[in-house]
Amino acid sequence: MHDGKSSSTSAPAIPGWRLILSDQNRFWAFRQKPFPIEARRAGAEPAVDADTFDELQAEIARQEKIAEQAAEQAAS
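Report follows, based on the coordinates. Bear in mind that the values here come from a model prediction, so they are computed numbers and not experimental data.

The rules behind these values
- Residues numbered from 1 in each chain as written.
- Predicted model: local features only at pLDDT ≥ 70, side-chain atom pairs only at ≥ 80, totals over all residues.
- Heavy atoms only, no water.
- Patch = residues over 30% accessible without salt bridge, like charges linked within 9 Å, V, L, I, M, F, W, Y side chains within 5 Å.
- Areas by Shrake-Rupley, 256 points an atom, 1.4 Å probe, with all protein chains shown as cover.
- Salt bridge = Lys/Arg side-chain N within 4 Å of Asp/Glu carboxyl O.
- Buried < 20%, exposed > 50% of the residue type's maximum accessible area, 1.4 Å probe, protein only.
- Helix = DSSP H or I, 4+ residues; strand = E, 2+ residues; numbered from the N terminus.
- Contact = heavy atoms within 4.5 Å.

### A closer look at a nonpolar patch on the surface
Then, in step 1: Taken together, the side chains of Ile-20, Trp-28 and Phe-30 define a hydrophobic patch exposed on the protein surface, amounting to about 230 Å² of accessible area.
Then, in step 2: On the basis of relative accessible area, Trp-28 is assigned to the partly exposed category, the value being 32%.

### Description of the environment of Gln-32
Then, in step 1: One can find Gln-32 in the loop between strand 2 (27-31) and helix 1 (37-42).
Then, in step 2: Taking the C-alpha atoms as reference, Gln-32 lies 9.7 Å from Ala-47; in sequence the two are 15 residues apart.
Then, in step 3: When residues no more than four places from it in sequence are discounted, the contact partners of Gln-32 are Gly-16, Trp-17 and Arg-18.

### As for the side chain of Gln-63
Then, in step 1: Within the secondary structure, Gln-63 sits in helix 2 (residues 53-75).
Then, in step 2: The class of Gln-63 is buried, set by a relative accessible area of 1%.
Then, in step 3: When residues no more than four places from it in sequence are discounted, the contact partners of Gln-63 are Trp-17, Phe-35, Gly-43, Ala-44, Glu-45 and Val-48.

Right, here's the structure in full:
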């Protein structure tokens, strides 16, 4: 039985982030769970944008790294 959904045309996804492609073909991502306060103080941004999906992935990775380093510093 076919459910009418195509597995070959899935939209890009990044776990923990909500992605939007604007009508201007710009990628936006919003973190679904807020960063802890220490991560925000360290500069982690819960909303980012980029020209391409690859650039968006890199920016999200950068924000998550900032948060990870802030958590490590807070724990030590």
